[in-house]
2 protein chains.
Amino acid sequence: MVSASRVTVVGGGVIGLSVAWFAARAGFSVTVVDHASPHGGSRVAGGMLAPITEAWPGDEDVLALGVESLRLWPRFAADLDVPLSAAGTLAVATAPADAEVLDKLCAYLGAMGRSAARLTRRELRALEPGLGPLVRSGLSVPGDLSVDNRALLTALRKACEAHGVHIGRRSTVDTDVTVIAAGAWSRDLHPALRDVIRPVKGEILRLAARPGALPPPRHTIRAHVSGRPVYLVPRADGLVLGATQYEAGFDPHVTVGGVRDLLRDGEAVWPAIAEYALVEAAAGFRAGSPDNMPVVDWLEPAVIAATGHHRNGLLLAPITAHRVLALLRGDPTPEPATDHHSANDHRQAKEAPVEGSGER
Amino acid sequence: MVSASRVTVVGGGVIGLSVAWFAARAGFSVTVVDHASPHGGSRVAGGMLAPITEAWPGDEDVLALGVESLRLWPRFAADLDVPLSAAGTLAVATAPADAEVLDKLCAYLGAMGRSAARLTRRELRALEPGLGPLVRSGLSVPGDLSVDNRALLTALRKACEAHGVHIGRRSTVDTDVTVIAAGAWSRDLHPALRDVIRPVKGEILRLAARPGALPPPRHTIRAHVSGRPVYLVPRADGLVLGATQYEAGFDPHVTVGGVRDLLRDGEAVWPAIAEYALVEAAAGFRAGSPDNMPVVDWLEPAVIAATGHHRNGLLLAPITAHRVLALLRGDPTPEPATDHHSANDHRQAKEAPVEGSGER
């Protein structure tokens, strides 16, 4: 719709870098402005690519979009030479009320035509012998992937630079189009985003298995412990343990209460972590939106938004990059299954089915 | 005993820098070799100068030496322009078995001629309204001081440099005397220390009060919670919460189990910390010795040891520096109340009473 050749992307997280890489690869001249916050959502994240275990009644759009993007991930990762873990997810529960959450998820996934198998205590332990004695029931969910989010960011940066993208803290260059991909901070970059995007604070811990300690699980484990959700995403040398969720504005602090909850709940799920090293405790900001769906569209003639990915920024990176590239090209039939709700009424992209959209 | 003019101090912690400062001020030409480990005991420490609440039956020598050094602290701190906190210590207990520890400490301090007053729940809360409901009894111990250990290290470094001390990671200069003041690492620097000094690992957390949270206590709080000792040392903007204690060699990791215990016990004592920021979690190595007493003496004609200070490195810095200076000067009547047990038999310093030794 705009014949753009120079693109400035504001934001060097997974969305910004994916957009920049796709645009540069397609021939645009791209600059990334990145303030490299230690609280950026994709840097702090756990790296789950998990639309299915993230599914919940009422969030069908999120599930469909996530599943669509998940299909793009193997190619996306291969192009970046970043390994994916395909061991799948175990959703587990401790107290009876937690098990009811699994029942509900299992029934919902069944109704959505997805396989999810309830597991007994014994079956759970056959899959993951290190689960704690409080873990009483579970659900095996195939299909979800995971990625080392920091390895991904490094690879994206390298891919960008290989395609001539300039990445810096400031930009005074002339540009034809600006892409606002600054996660939670996007709200301060355009009036149309002000009341749409909000920071959703999360705390997350990185643990390393010390010599002699039981290794991390093979699967990603998503647990409900006394009503609190917690996840353990295995890494080569340990695991990522997350995540709290607060509506606390841009408060950047890792709180004692948050760490206490994560450690307690994580230890209930995987007791061996008591002997792990606490390598990092970090707080990050997800870019929340009113309906948990991202905002990927024109805000005005020279400004595109690519934000509001909430808990799914990593998962939705490929489909967001495809969608923004289509917008930049003025493509009249952009990729489907992306989100089209606009933050204002300047543009209304057309929606059209294309191959591979059968997941919806 | 040696007419030394050039002194090399190995170790840039509180002992090494104090020795270097005293020696340089006395006219010696001093070099400090410092590897600046993030695990150095005096960097990781909480900053209590607490011989009295540290006292325990059987450790009378440690108490006497500590009390002697505590008397030197006001002048030592004033010369360095470092503020001291003199609010004193509250020793508190939760479970009945923990209260018995206080009974024992109270009786022991009484027998040693020191004042320590038992406090009721009500009296405790009049002093520190933020104490948790599980804290049932306490003991007010006047006299102990505390210092911001990192401000102290900075001030010592500055004082050294003002007196011409060269501080670096390596030294190839000729020297007349070497002072081994490398804390737990001293064991690897001289055969005579090999079986005497051992690392005693400790983990410690630094917390900052977030806006709106209850401020830290005014007193240093030493607590026994379900048999585990924990202390909270107030700082201007928060507190230091410590410390675990392990015989685990030089394992440098902060463990999940250690952090979990510190947070749980700290929260039992001062619930408001749940809303504090977890700023740092660190592991350090105390220089343990068989009898908990430091080794400050000649090891051979050109080598002095100043190590083995265990939990009391900050407290014992002034008296250690005085003692090493006396050794360097060949002073036949060194300061009393320092420790004189030798790691070997090369030298045996004489002991003589001087003013101010009435504490023994």
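Source: prediction; values computed, not measured. (Residues numbered from 1 in each chain as written. Chains lettered and ligands numbered in written order. Predicted model: local features only at pLDDT ≥ 70, side-chain atom pairs only at ≥ 80, totals over all residues. Heavy atoms only, no water.)

Visitor: Would you take a moment to explain the overall build of chain A for this structure?
Guide: Each helix and strand counted, chain A has 9 helices and 17 strands in total. Once the C-alpha set of chain A is aligned to its principal axes, its extents read approximately 60 × 40 × 35 Å. The proportion of buried residues among the 360 residues of chain A is 58%. The contacts of chain A with a sequence gap of at least 6 include a subset with a gap of at least 24, amounting to 76%. Approximately 14,300 Å² of chain A is accessible, and the part contributed by carbon and sulfur atoms is 53%. Across chain A, the mean location of the 36 positive side-chain charges is 4 Å away from that of the 39 negative side-chain charges. (Helix = DSSP H or I, 4+ residues; strand = E, 2+ residues; numbered from the N terminus. Buried < 20%, exposed > 50% of the residue type's maximum accessible area, 1.4 Å probe, protein only. Contact = heavy atoms within 4.5 Å. Areas by Shrake-Rupley, 256 points an atom, 1.4 Å probe, with all protein chains shown as cover. Lys, Arg positive; Asp, Glu negative; His and termini not counted. Charge placed at Lys NZ, Arg CZ, Asp CG, Glu CD.)

Visitor: Would you explain the pairing of strand S14 (residues 238-242) of chain B in this entry?
Guide: Regular strands place side chains that alternate from one sheet face to the opposite one. All names here are of chain B. Most of S14 is tucked away, with 5 of its 5 residues classed as buried. Bridge count between strand S11 (residues 198-208) and S14: 5 bridges; the pairing is antiparallel. Bridged to Leu205 within S14 is Leu241. Summarising the sheet, strand S13 (residues 228-235) and S14 pair through 5 bridges and their orientation is antiparallel. Of the residues in S14, the one forming a bridge with Val233 is Val240. Between the end of S13 and the start of S14, which pair antiparallel, lie 2 residues. (Pairing = 2+ DSSP bridges.)

Visitor: What is the right way to look at the interface of chain A and chain B in this model?
Guide: Where the parts come together, the accessible area they lose is often given as the size of the interface. If you look at the interface, chain A gives 18 residues, while chain B gives 18 residues. Across the interface of chain A and chain B, roughly 1,600 Å² is buried in total on both sides, 62% from carbon and sulfur atoms. Interface area lost by chain A to chain B is led by Arg210, Val256 and Leu278 of chain A, which between them contribute 36%. For the interface between chain A and chain B, the tally reads 4 salt bridges. A salt bridge links Arg260 of chain A to Glu267 of chain B, with the shortest nitrogen-to-oxygen separation between them at 2.4 Å. (Buried area = accessible area lost by both parts, 1.4 Å probe. Salt bridge = Lys/Arg side-chain N within 4 Å of Asp/Glu carboxyl O.)

Visitor: Could you clarify how one ought to interpret the relation of the copies chain A and chain B in this entry?
Guide: Each copy of the chain is related to the other by a rotation around an axis and a translation along that axis. After a rotation of 180° and a shift along the axis of 0.0 Å, chain A superposes on chain B with an RMSD of 0.0 Å. Within this description, the copies of the chain are treated as partners about a two-fold rotation axis. Among all residues of chain A, the one whose C-alpha sits closest to the rotation axis is Arg260 of chain A, at a distance of 3.3 Å. A share of 100% of the interface residues of chain A reappears at the interface of chain B, consistent with the copies meeting face to face through the same patch. (Least-squares fit on C-alpha atoms with pLDDT ≥ 70 in both.)

Visitor: Would you mind showing me how to read the UniProt feature "domain: FAD dependent oxidoreductase" (unreviewed entry) in chain A here?
Guide: The sites that carry the UniProt feature "domain: FAD dependent oxidoreductase" (unreviewed entry) are, in the present numbering, residues 6-324 of chain A. Note that residues 6-324 of chain A is 31% helix and 28% strand, and that its end C-alpha atoms are spaced 14 Å apart. (UniProt positions renumbered as here; feature names shortened; annotations may be inferred.)

Visitor: Would you mind showing me how to read the nonpolar core here?
Guide: Within soluble globular proteins, side chains that are nonpolar tend to cluster in buried spots. One finds Leu207, Leu241 and Tyr276 of chain A together with Leu207, Leu241 and Tyr276 of chain B to be the most contacted residues of the largest nonpolar core, which totals 58 residues. Discounting residues that sit within four places of it in the chain, Leu207 of chain B has contacts with Val256 of chain A together with Asp237, Gly238, Leu239, Leu241, Ile273, Tyr276, Ala277, Leu278 and Val279 of chain B. (Core = buried A, V, L, I, M, F, W, Y, C linked by side-chain atoms within 4.5 Å.)

Visitor: I keep staring at the pattern of salt bridges and nothing clicks. Help me out?
Guide: Counting across every chain of the model gives 40 salt bridges over all chains. Residue Glu54 of chain B pairs with Arg222 of chain B through a salt bridge whose shortest N-O separation is 2.8 Å. Pair noted here: Glu54 of chain B is in the loop between strand S3 (48-49) and helix H3 (60-80) and Arg222 of chain B is in strand S12 (residues 220-225), with a separation of 168 residues, a long-range link. Judged by its relative accessible area of 12%, Arg222 of chain B falls in the buried class. What emerges from the salt-bridge pattern is a single network uniting Lys201, Glu203 and Asp251 of chain A together with Arg210 and Glu275 of chain B.

Visitor: It is not clear to me how the sheet that holds strand S15 (residues 277-288) of chain B should be interpreted in this structure. Could you clarify?
Guide: Adjacent strands of a sheet form backbone hydrogen bonds with each other and so pair up, either parallel or antiparallel. Residues and elements named next belong to chain B. Strand order in the open sheet formed by 8 strands is S6-S7-S5-S12-S13-S14-S11-S15, with mixed pairing between adjacent strands. With one partner strand each, in any of the chains shown, strand S6 (117-119) and S15 form the two edges of the open sheet. In this sheet, adjacent strand axes meet at a mean angle of 20° when their direction is disregarded. Relative to strand S7 (residues 137-141), strand S5 (residues 89-93) runs antiparallel, the two sharing 5 bridges. (Axes fitted to C-alpha atoms, helices over the stretch in contact; angles between N-to-C directions.)

Visitor: Please explain the domain arrangement of chain A as it appears in this structure.
Guide: Residues and elements named next belong to chain A. Structurally, chain A comprises domain 1 (6-50 + 148-197 + 290-351) and domain 2 (89-142 + 199-288). Computed from C-alpha atoms alone, the centre-to-centre distance between domain 1 and domain 2 is 29 Å. Contacts between the two partners involve 25 residues from domain 1, matched on the other side by 21 residues from domain 2. Across the domain 1/domain 2 interface, buried area totals approximately 1,900 Å², and carbon plus sulfur atoms make up 56% of it. Of all residues in domain 1, the largest losses of buried area upon contact with domain 2 belong to His39, Met48 and His310, amounting jointly to 31% of the total for that side. Here Arg235 ties to Asp148 by a salt bridge, and the two come within 3.7 Å at their closest N and O atoms. If you look at where domain 1 meets domain 2, you find 11 residue pairs in polar contact (both at pLDDT 80 or more). For the side of domain 1 that touches domain 2, the elements supplying multiple residues, two or more each, are helix H2 (41-44) and helix H6 (149-162). Counting residues per element, the side of domain 1 that touches domain 2 draws most heavily on H2, which supplies 3 residues. Here the side of domain 1 that touches domain 2 is composed, by residue class, of 9 nonpolar, 10 polar and 6 charged. (Domains from an automatic or database assignment. Polar contact = N/O pair within 3.5 Å; in protein donor to acceptor, adjacent residues only side chain to side chain. Nonpolar A, V, L, I, M, F, W, Y, C, P; charged D, E, K, R; others polar.)

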